[in-house]
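Take a look at the letters that make up each chain.
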Amino acid sequence: MAETDYRAPVGTHDVLPPESGRWSALVQAFAARAARFGYGLVITPVVEHVEVFQRVGTATDVVRKEMYELTDRGGRALALRPEGTAPVVRAYVQHRPTPPWKVWYLAPNFRYERPQRGRYRQHWQVGAEVLGVDDPDADVEVIALAHGFYRDLGLRQVTLALNSMGEPADRAEFVTHLRAYLLERGAGLGPEFLARADAHPLRVLDAKDESWQDVLDGAPQLTEHLSAPSRQHFERVQAGLDALGIRYALTPRLVRGFDYYTSTTFEFSSTALDAAQNAVGGGGRYDQLAEEMGGPPTPGIGFGIGIERVLIACDAEEVLTGAGPALDAFIVDGIGDPSATVLVAELREAGLGADRAYGGRSVKAQWKLADRSGARYGVMLGPREAERGSVGVKDLGSGEQVEVPREQVAGWILLHAEAADPAR
Ligand code: HAM
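Residues numbered from 1 in each chain as written. Predicted model: local features only at pLDDT ≥ 70, side-chain atom pairs only at ≥ 80, totals over all residues. Heavy atoms only, no water.

### Thoughts on the overall build of the protein chain
(1) Moving on: Of regular secondary structure, the protein chain possesses 16 helices and 16 strands.
(2) Moving on: Taking 22 Å as the expected radius of gyration for a compact globule of 424 residues, we find that the protein chain reaches 28 Å, considerably beyond that expectation.
(3) Moving on: If you line up the protein chain on its principal axes, its C-alpha atoms span 95 × 65 × 45 Å.
(4) Moving on: By the burial criterion, 47% of the 424 residues in the protein chain qualify as buried.
(5) Moving on: For the protein chain, long-range pairs separated by at least 24 residues make up 70% of all intrachain contacts whose partners lie at least 6 apart in sequence. (Helix = DSSP H or I, 4+ residues; strand = E, 2+ residues; numbered from the N terminus. Rg over C-alpha atoms; globule rule 2.2 N^0.38 Å. Buried < 20%, exposed > 50% of the residue type's maximum accessible area, 1.4 Å probe, protein only. Contact = heavy atoms within 4.5 Å.)

Rendered as structure tokens:
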């Protein structure tokens, strides 16, 4: 019999301290920025009826090959969320909040992909969506939110690719035109090219196959076939980004992986990462999706940012390196009665980060733990100090020691910790 495998499933991973400290720093940065932009947190279930995700495109890889589908005990066909937009639109249609509805989220997503660095079967995203606004200023705001977030983290090597998919009518006409071009000019490229060009001409545009590039380079561009309103919308988005000093590269061959996109689409890539997994975020408009889910016609735009990818980019750029809880004090107990319990509680209630050892360890072993804890100060509760009504306080960085009256120790540490690090 095969041995039970108690490890996390392939393509999933645990996030432990201190790495999880970087996660919470990242999420806090995103939450703070989203709040400043007027977005509220939305939380939707990890499972949805499978039809919710069929709306993102039955021909897409994510839905066709990668979705985790299950039947629950009541016979319902459910899927683990492969992405965050469809559930948010489903929630909008269900609850009908007053538009504009501006929300952000933090959620795991599941895609049965071939796992590799930066590509997982469970990955996490922070993202934002705006429903009920077709103003190009909303496009600019959403892009600025993501752009500013990368900057908040200190990332400097993130670039923005911008495109427009036009309205569905523009796209339908263009696809016919593109298919005819690809089938004619690519006649010599073999059956795989021809089959893909025939079935999904747009998806071929960002194919990486070297021998196809000449034909793809000469392909007609959707942005040259936009209707007047689509073109004006796209120009207003560009003017807004220009006004904010947000740089972008117009990328007519940018093809996003879902069918719901209309009009503006965009992707953020890190030049510090390998090309195969360098997308650190992406999004766009989906002006028809709410209606397709049975709601009123409601334009929408948003993006998703892959947390693991962003952290790999942070490694490459050597930013967001700090980790672990910032402890102010570690208590070393040389007495053994409840006084350590009381002191630790007192420091924590005073707003300080404080920890201690357990299990009656020797004073020497406790000092070792204090050093390893990363705390700024070690606080010694010893019988001699207790007799004098004081505690010993040691700066674990410099090794300097002072004796502080027991009843003043919380105030003393607070004052000194703030003086050393005003941002704490
Ligand atoms: P997406 O481009 O599929 O878009 O995913 C967004 C980001 O999630 C990617 O840029 C990447 O950073 C990360 N990501 C995607 N798949 C994986 C994976 N297997 N492993 C690790 N990271 C991954 C969406 O999901 C859309 N819902 C975005 C959106 C929101 N569009 C409009 N609103």
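### Details of unusual backbone geometry
(1) Moving on: Look at the link from P17 to P18: it is a cis peptide, with omega at 5°.
(2) Moving on: By the secondary structure assignment, P18 is in the segment before α1 (19–36).
(3) Moving on: A cis geometry characterises the amide bond from P99 onward to P100, with omega recorded as -5°.
(4) Moving on: One non-glycine residue, S263, lies in positive phi territory at about 60°.
(5) Moving on: Relative to the assigned elements, S263 resides in strand β9 (residues 262–270).
(6) Moving on: Overall, S263 belongs to the buried group, its relative accessible area being 12%.

### A look at the domain arrangement of the protein chain
In many analyses, interface size is given as the accessible surface area lost on bringing the parts together.
(1) Moving on: Considered domain by domain, the protein chain is made up of domain 1 (19–167 + 227–317) and domain 2 (329–420).
(2) Moving on: Measuring from the centre of the C-alpha atoms in domain 1 to the corresponding centre in domain 2 gives 47 Å. (Domains from an automatic or database assignment.)

### Examining a positive patch on the surface
(1) Moving on: A cluster of like positive charges, contributed by R361, K364, K368 and R372, occupies part of the molecular surface.
(2) Moving on: Among the secondary structure elements, R372 is positioned in helix α14 (residues 363–373). (Patch = residues over 30% accessible without salt bridge, like charges linked within 9 Å, V, L, I, M, F, W, Y side chains within 5 Å. Areas by Shrake-Rupley, 256 points an atom, 1.4 Å probe, with all protein chains shown as cover. Salt bridge = Lys/Arg side-chain N within 4 Å of Asp/Glu carboxyl O. Lys, Arg positive; Asp, Glu negative; His and termini not counted. Charge placed at Lys NZ, Arg CZ, Asp CG, Glu CD.)

### Remarks on the site of the ligand
(1) Moving on: Around the ligand, a shell composed of 28 residues is seen, among which E83, T85, E113, E129 and Y261 lie nearest.
(2) Moving on: Interatomic distance of 2.6 Å between a side-chain N/O atom of E83 and a nitrogen atom of the ligand.
(3) Moving on: At 3.1 Å, a backbone N or O of G281 approaches an oxygen atom of the ligand.
(4) Moving on: Breaking the shell around the ligand down by element, the ones donating at least two residues are β6 (122–131), β10 (279–285) and β11 (300–306).
(5) Moving on: Element by element, the count of residues in the shell around the ligand is highest for β10, at six residues.
(6) Moving on: Tallied by class, residues from the shell around the ligand come to nine nonpolar, 12 polar and seven charged. (Near = heavy atom within 4 Å. Polar contact = N/O pair within 3.5 Å; in protein donor to acceptor, adjacent residues only side chain to side chain. Nonpolar A, V, L, I, M, F, W, Y, C, P; charged D, E, K, R; others polar.)

### Considerations on the sheet that holds strand β7 (residues 158–164)
(1) Moving on: The strand order across the open sheet built from eight strands is β1-β5-β6-β11-β10-β9-β7-β8, with neighbouring strands paired in mixed fashion. In the strand order of this sheet, the two ends are held by β1 (40–41) and β8 (249–250), each with one partner.
(2) Moving on: Sheet topology places strand β5 (residues 101–110) next to β6; 10 bridges connect them, and they run antiparallel. Bridged to W104 within β6 is A128. (Pairing = 2+ DSSP bridges.)

### Structural notes on helix α16 (residues 409–420)
(1) Moving on: When the terminal C-alpha atoms of α16 are compared, their 16 Å separation across 12 residues agrees well with the 16 Å that a helix rising 1.5 Å per residue should span.
(2) Moving on: Within α16, the full set of buried residues consists of V409, A410, I413 and A417. Angular distribution of buried residues about the axis of α16 spans 100°; they occupy a single face of the element. The outward face of α16, more than 90 degrees from its buried face, is lined by the exposed residues L415 and A419.
(3) Moving on: The inward-facing, buried residues of α16 abut β12 (329–333), α13 (339–349), β14 (377–381), β15 (390–395) and β16 (401–405). (Expected span 1.5 Å × (residues − 1). Arc of directions from axis to C-beta.)

### A few points about the packing of aromatic side chains
(1) Moving on: Applying the stated rule across the entire model yields 16 aromatic pairs.
(2) Moving on: Ring centres of F258 and Y260 lie 5.3 Å apart, and the angle between their planes is 20°; on these two criteria the pair is classed as stacked.
(3) Moving on: Y260 sits in the buried class, given a relative accessible area of 5%.
(4) Moving on: Put simply, the rings of F30, W104, F149, Y150, F266, F268 and F303 touch in pairs and so form one group of aromatic residues.
(5) Moving on: When the ring centre of Y105 is taken as reference, the NZ or CZ atom of R81 above it lies at 5.9 Å.
(6) Moving on: Above the face of the W367 ring, K394 is positioned so that its terminal group lies 5.0 Å from the ring centre. (Phe/Tyr/Trp six-rings, centres within 6.5 Å; stacked < 30°, edge-to-face > 60°. Lys NZ or Arg CZ within 6 Å of the ring centre and 35° of its normal.)

### Observations regarding the packing of α13 against α16
(1) Moving on: At their nearest, the axes of α13 and α16 sit 10 Å apart, and the two run at 45° to each other. The pairing of α13 with α16 is recorded here as oblique in orientation. The hand of the α13/α16 crossing is right-handed. When α13 is examined against α16, the residues L343, E346 and L347 are found in contact with a partner set consisting of V409, A410 and I413.
(2) Moving on: Of the residues contributing to the contact of α13 with α16, the split by class is five nonpolar, no polar and one charged. (Axes fitted to C-alpha atoms, helices over the stretch in contact; angles between N-to-C directions. Parallel < 35°, antiparallel > 145°, perpendicular 65-115°, else oblique. Left-handed = near helix turned anticlockwise from the far one by under 90°.)

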